[in-house]
Amino acid sequence: MSKAGVLSRKLLLAILLSSSLVTLLMTGFILWRDYQSEVSDARQALEHIQLTYLDSVAISLWNMDETQLEAQLQGMVNLPYVEKATVSDEFGVVIEVGEVSAGQQLEAQDFELLYTAKQRHHQLGVLTLQVDHERILAAVYGKAVTILVSQFVRTLLISAVILLLVNRMITRHLDSLAAWADRDDLSVGPTLQRRGRPDELTRLVQAIDRQRQRVLQTLAERDLASARLQELNNTLEQQVENRTRRLSQAFQSLQQSMEELRSTQQQLVTSEKMAQLGGLIAGVAHELNTPLGTALTAHSFLKEQLQQAQSDDDMREALVLLENNLQRAIAIVNTFKRLAVQPQQEARRRFRLADVGVELFDLVADYGVADRLQLDVQLADVWLNTYQSSFITVVRSILANSIEHGYPEGGPMQISITARCDEEDWLTLEFIDDGIGMSEEIRAHAFDPFYTTRRSQGSTGLGLHLVYNLVSQILAGQIRAENSTRGAHLVLTIPVDVTREEQTLAKGSSESDSAR
């Protein structure tokens, strides 16, 4: 913002300069005109003297009338700018009137004095007039000073009045407009504290106000457009986010479906392999069952005969050893036969899960470890529609596996069995013990047939394999061994209602057969 009064000072200076220039020009013209007038007056005075005084002076000189000559010369000296008048003849100065100051520079003008008598012209002498041209210049200079001083005073007064009028009529209103512009507040328009008819300032204020309104309208349109753009951006971002989330969910769902499909395929292949292997073992068991039964019958007959014949002790010990091994072979064969599980061989029934707990405590009693086993059973209050016998066999087999393999050195045992419904149609059972646990290798082969860590103690390695077959083929579920820092951790997942899962599997099998 410019300093207050700068425009006024500039205007005052411009007025002074322009007025001074005009004054100088006009004064110079007036002085030149006055100088010419004064010079003309001096010349006219000399001409007047030449026309009116020369003859009379010549007569007075002819008559030697000094009084008359002095009076005539005094009349000449009284004329403007004539300082001294002298009449001289051939003998010298006759008479002179007037005084000349020392150093005063005068211009002398000579006129011949002729007297005519009897038609003859007699030269009597010379009239010398000394004219002071410096007085002309001094008069002109004095007048110039007067003119310049008066013009300066007048110019100064007029400039001050103009400055006051400009400040009241223009400058203060411009300062008001500048102060309004400095406030940066377009909500209030510019106003002028003035009355009277509209003029240029009024039109300027009206034009600024119209421009202000256009700026406000433009800003409002810009803000509205910016808000709409921001809304569109937010909507677009929301749409992009929603679509990205849906795509991510669809991709995750697709990945999950692919994982489930691969897992299902792997389980189907494994189940098919296990089923074929179980069928093979069951066939072999069936073929071995008859000769083993015949051998056991023959053993019984020989035992009776030896008892009647009162044979020696070695013979009895051999018969006992033969009987024990035959019983063990028959038990193994019976286990082989159970591997070929068939759903149609067992009827589904609806039973309460909590009732299975009695079977578990009976198993503990059969093993004779009730005094050192702390069994924590937490079963959800849910009703199952599945194969009860196979389900109880699975639960008992897993518990038996923990008792037999988890504590090779004996000691106190702690086993936890928890059942819950994570989803509405699926039941999850967790078996956790604090035994020696499973290594990575054992967990990888835990459900393989004939894999055991107690081969020397007579284990066949078919316990968890039988559990796997029952869970996957009869109960339509899954079982896995989880990694655990201490003890074994098995997780069993089966449907609450096996009927639905059988229908789903049947539909998938038919579609697979159709595709083939």
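So, here is what we can say about the structure in this document. (Residues numbered from 1 in each chain as written. Predicted model: local features only at pLDDT ≥ 70, side-chain atom pairs only at ≥ 80, totals over all residues. Heavy atoms only, no water.)

Take the packing of aromatic side chains next. Pairs of aromatic rings are described using the distance from one ring centre to the other and the angle between the two planes. According to the stated counting rule, one finds two aromatic pairs in the structure shown. Look at Phe 351 and Phe 391: their rings are 5.9 Å apart centre to centre, the planes differ by 45°, and that puts the pair in the tilted class. Taken together, the residues span a long stretch of sequence, with Phe 351 in strand S5 (residues 349-352) and Phe 391 in helix H7 (residues 388-405) at a distance of 40 residues. When the ring of Phe 447 is compared with that of Tyr 468, the centres are 5.8 Å apart and the planes differ by 40°; the resulting orientation is tilted. Highlighted residues: Phe 447 in the loop between helix H8 (440-445) and helix H9 (463-474) and Tyr 468 in helix H9, separated in sequence by 21 residues. On the basis of relative accessible area, Phe 447 is assigned to the buried category, the value being 11%. (Phe/Tyr/Trp six-rings, centres within 6.5 Å; stacked < 30°, edge-to-face > 60°. Helix = DSSP H or I, 4+ residues; strand = E, 2+ residues; numbered from the N terminus. Buried < 20%, exposed > 50% of the residue type's maximum accessible area, 1.4 Å probe, protein only.)

This part is about the sheet that holds strand S11 (residues 489-495). What holds strands together in a sheet is hydrogen bonding between their backbones, with the strands either parallel or antiparallel. Taking strand neighbours across the sheet as the criterion, the five strands line up as S6-S8-S9-S11-S10 in an open arrangement whose pairing is mixed. Where the open sheet ends on each side, the last strands, each with one partner, are strand S6 (373-378) and strand S10 (478-481). Averaged over all pairs of adjacent strands, the angle between strand axes in this sheet comes to 15°, irrespective of strand direction. Direction of pairing for strand S8 (residues 413-423) relative to strand S9 (residues 426-433): antiparallel, over a ladder of seven bridges. Looking at S9, one finds that Glu 423 is bridged to Trp 426. (Pairing = 2+ DSSP bridges. Axes fitted to C-alpha atoms, helices over the stretch in contact; angles between N-to-C directions.)

Okay, the pattern of salt bridges next. Under the defined criterion, the tally for this structure stands at ten salt bridges. One salt bridge connects Arg 352 with Asp 381, and the closest N-O pair in it is separated by 3.1 Å. Taken together, the positions of Arg 352 in strand S5 and Asp 381 in the loop between S6 and strand S7 (383-386) put the pair 29 residues apart, joining distant regions of the chain. Given a relative accessible area of 60%, Asp 381 falls into the exposed group. A salt bridge links Glu 359 to Arg 396, with the nearest nitrogen and oxygen atoms 3.7 Å apart. With Glu 359 in helix H6 (residues 357-367) and Arg 396 in helix H7, this pair connects stretches of sequence that are 37 residues apart. For Arg 396, a relative accessible area of 24% translates into the label partly exposed. (Salt bridge = Lys/Arg side-chain N within 4 Å of Asp/Glu carboxyl O.)

Bringing a nonpolar patch on the surface into the picture now. Side chains of Val 145, Val 149, Phe 152, Val 153, Leu 156 and Leu 157 sit close together on the surface and give an oily, nonpolar patch of about 550 Å² of accessible area. Residue position: Leu 156 is located in helix H3 (residues 133-182). (Patch = residues over 30% accessible without salt bridge, like charges linked within 9 Å, V, L, I, M, F, W, Y side chains within 5 Å. Areas by Shrake-Rupley, 256 points an atom, 1.4 Å probe, with all protein chains shown as cover.)

Attention shifts here to the packing of H7 against H9. Their axes nearest at 9 Å, the elements H7 and H9 cross at an angle of 150°. It follows from the interaxial angle that H7 and H9 lie roughly antiparallel. For the pair H7 and H9, the sense of crossing is left-handed. Touching Ser 390, Thr 393, Val 394, Ser 397, Ile 398 and Asn 401 of H7 are Leu 464, Val 467, Leu 470, Val 471 and Ile 474, all from H9. When grouped by side-chain class, the residues that make up the contact of H7 with H9 number seven nonpolar, four polar and no charged. (Parallel < 35°, antiparallel > 145°, perpendicular 65-115°, else oblique. Left-handed = near helix turned anticlockwise from the far one by under 90°. Contact = heavy atoms within 4.5 Å. Nonpolar A, V, L, I, M, F, W, Y, C, P; charged D, E, K, R; others polar.)

Our next topic: the side chain of Ser 472. Inspection of the secondary structure assignment puts Ser 472 in helix H9. The class for Ser 472 is buried, based on a relative accessible area of 19%. At a separation of 2.8 Å, a polar atom in the side chain of Ser 472 contacts the main-chain carbonyl oxygen of Tyr 468. (Polar contact = N/O pair within 3.5 Å; in protein donor to acceptor, adjacent residues only side chain to side chain.)

Between its first and last C-alpha, H9 extends 16 Å over twelve residues, near the 16 Å set by a 1.5 Å rise per residue. Counting buried residues along H9, ten of its twelve residues qualify, which places the element largely inside the surrounding structure. Of all the residues in H9, the buried ones are Leu 464, His 465, Leu 466, Val 467, Tyr 468, Asn 469, Leu 470, Val 471, Ser 472 and Ile 474. Looking one or two residues beyond H9, the residue adopting positive phi is Ala 476, at roughly 55°. (Expected span 1.5 Å × (residues − 1).)

A few words now on the environment of Ser 18. Residue position: Ser 18 is located in helix H1 (residues 6-63). The exposure class assigned to Ser 18 is partly exposed, which follows from its relative accessible area of 39%. Distance from Ser 18 to Thr 155, taken between C-alpha atoms, is 9.7 Å for residues 137 residues apart in sequence.

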